[in-house]
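Chains, contacts and geometry: an overview
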Amino acid sequence: MSLTERQLPVHAAMNQFSVREGELVVGGDRLSLLAERVGQTPFYAYDRALLRGRVATVRAALPAGVKLHYAMKANPMPAVVGLMAGLVDGIDVASAGELKVALDAGANPQEVSFAGPGKRRAELRQAVASRVLINIESFREVVALEAISSELGLPARVAVRVNPDFELKGSGMKMGGGPKQFGVDVEQMPELLADIGRAGLAFEGFHLFAGSQNLRSESICEAQQKSYELALRLAQDAPLPVRFLNLGGGFGIPYFPGEQRLDLGPIGDNLARLAQRAQTELPESSLVIELGRYLVGEAGVYVTRIVDRKISRGQVYLVADGGLHHHLSASGNFGQVVRKNYPVAIGTRMDALAKETCSVVGPLCTPLDLLADRMSLSVAQVGDLAVVFQSGAYGASASPQGFLGHPACVEVIV
Ligand SMILES: *Cc1c(COP(=O)(O)O)cnc(C)c1O
């Protein structure tokens, strides 16, 4: 079988997993056996060895002293967060629900930070009582935290999330620059920092998160460089020395044909230069990088069983027991502008020579429920297992599981 260039990234994703007796191996087991162990399809499986390996790769690329945080909204499964908590330096949460999972997982509150617009008062109380770092995103939060701090007799630990005056170029999702609901505009910083000082909050640093899913190291370096310079300027107005400077992340993974892996080398070199400067320019600070998808995305697969095989006007449809309701992003309905296929394979026929062009669809009564649109896959029958790769991030928790009343999926870590 010759592979065309176009198919290569699909195989790069698959290559992290091996094949035994014609089946994909996940967590040491053939897929059909893993499905027996799980006891049902559909399911997500996250591979511990791949998770550990990815953290080790990032560590090797980052300079010593730069802290690595896991942004757990990418995959909040408690067992995943538990594993990650032991591997990274801190956990970034975006709700009180995530905060509970992080603390239950054993994360050190000193190294947990809480970001997000619209933090409810009750959530802020929980965060102050937990002694985690709160990334302030509005003037209202300063007022609320001042009151909560005095009620609890515990000064809130705060950093300021800055909405910078630049963007992360080439990002799948931009979360800074221009008008945004995230953070506070850099123009309003002098006023906000003065408020924080007057309120007596324990100021600890700055948080800049410019965007997500970026595959261009030059853009990431540029954003980190600009973020550092900006924080250095803002530090002059800060009520206390900067202890944490969170430069964001945005490291992307390849999903679609033609996408290249992110080159960590230049990012590590750039961070080494910034960390060097920080030693004299912000002597009490640690630089922090927060990654979600990059740490977990490639370690997970979504597995769904083919329950019907239909031919409509010459086109083959494999109807699976899972789809959009468990894996919104693979269906193309989670932020994509143009729908493209995630890497998909028939995991129980990895060595089959017979291929066909077919579509893998889910059981929902909507044409949006599409996992593979006219892809070349091994010829599959009812009972086979279809696998969606690159499914470790923004999968189960980012999908409308209640939509149409089908059973929920199961998640396992293997
Ligand atoms: C979503 C988010 C992340 C994680 O983004 P990834 O693309 O998964 O790495 C990190 N930080 C903040 C503030 C976020 O909102």
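Our subject is the structure listed above.
First, a word on what this report is: a plain description of the structure on this page. (Residues numbered from 1 in each chain as written. Predicted model: local features only at pLDDT ≥ 70, side-chain atom pairs only at ≥ 80, totals over all residues. Heavy atoms only, no water.)

1. Some remarks on the overall build of the protein chain
- Of the regular secondary structure elements, the protein chain holds 12 helices and 22 strands.
- Along the three orthogonal principal directions, the C-alpha set of the protein chain runs to about 70 × 40 × 35 Å.
- Looking at the protein chain residue by residue over its 414 residues, the buried ones come to 56%.
- When contacts within the protein chain are restricted to residue pairs at least 6 apart in sequence, long-range pairs at least 24 apart make up 72% of them. (Helix = DSSP H or I, 4+ residues; strand = E, 2+ residues; numbered from the N terminus. Buried < 20%, exposed > 50% of the residue type's maximum accessible area, 1.4 Å probe, protein only. Contact = heavy atoms within 4.5 Å.)

2. Details of the site of the ligand
- Around the ligand sit 13 residues in total, of which K73, S212, G292, R293 and Y394 are the nearest.
- Contacts to the ligand include K73, whose side-chain N or O atom sits 2.7 Å from an oxygen atom.
- Here an oxygen atom of the ligand and a backbone polar atom of R293 are 2.8 Å apart.
- Alone, the ligand offers 390 Å² of accessible surface; in the complex the protein occludes 93% of this. (Near = heavy atom within 4 Å. Polar contact = N/O pair within 3.5 Å; in protein donor to acceptor, adjacent residues only side chain to side chain. Areas by Shrake-Rupley, 256 points an atom, 1.4 Å probe, with all protein chains shown as cover.)

3. What about the sheet that holds strand β3 (residues 29–30)?
- Ordered by their spatial adjacency, three strands build an open sheet running β1-β2-β3, and the pairing between neighbours is antiparallel. In this open sheet, the two edge strands, each paired with only one partner strand, are β1 (18–20) and β3. (Pairing = 2+ DSSP bridges.)

4. So, the environment of L215
- Take L215: it is sitting in the loop between β13 (211–212) and α9 (217–235).
- Counting along the chain gives 44 residues from L215 to S171, while the straight-line C-alpha distance between them is 7.8 Å.

5. Some points on the packing of aromatic side chains
- Overall, the coordinates contain nine aromatic pairs when judged by the stated rule.
- Between F17 and F389, the ring centres sit 5.9 Å apart and the planes meet at 55 degrees, which makes this aromatic pair tilted. Note that F17 is positioned in the loop between α1 (8–14) and β1 and F389 in the loop between β21 (385–388) and β22 (410–413), a separation of 372 residues in sequence. Pair check on accessibility: F17 and F389 agree, each one buried.
- Centre to centre, the rings of Y255 and F256 are 5.8 Å apart; their planes meet at 35 degrees, and the pair counts as tilted.
- In this structure Y255 comes out as buried when scored by relative accessible area, which is 5%.
- By the ring-pair criterion, three or more aromatic residues cluster together here, those being Y44, Y46 and Y302.
- Lying across the ring of Y294, R54 places its NZ or CZ 4.4 Å from the centre. (Phe/Tyr/Trp six-rings, centres within 6.5 Å; stacked < 30°, edge-to-face > 60°. Lys NZ or Arg CZ within 6 Å of the ring centre and 35° of its normal.)

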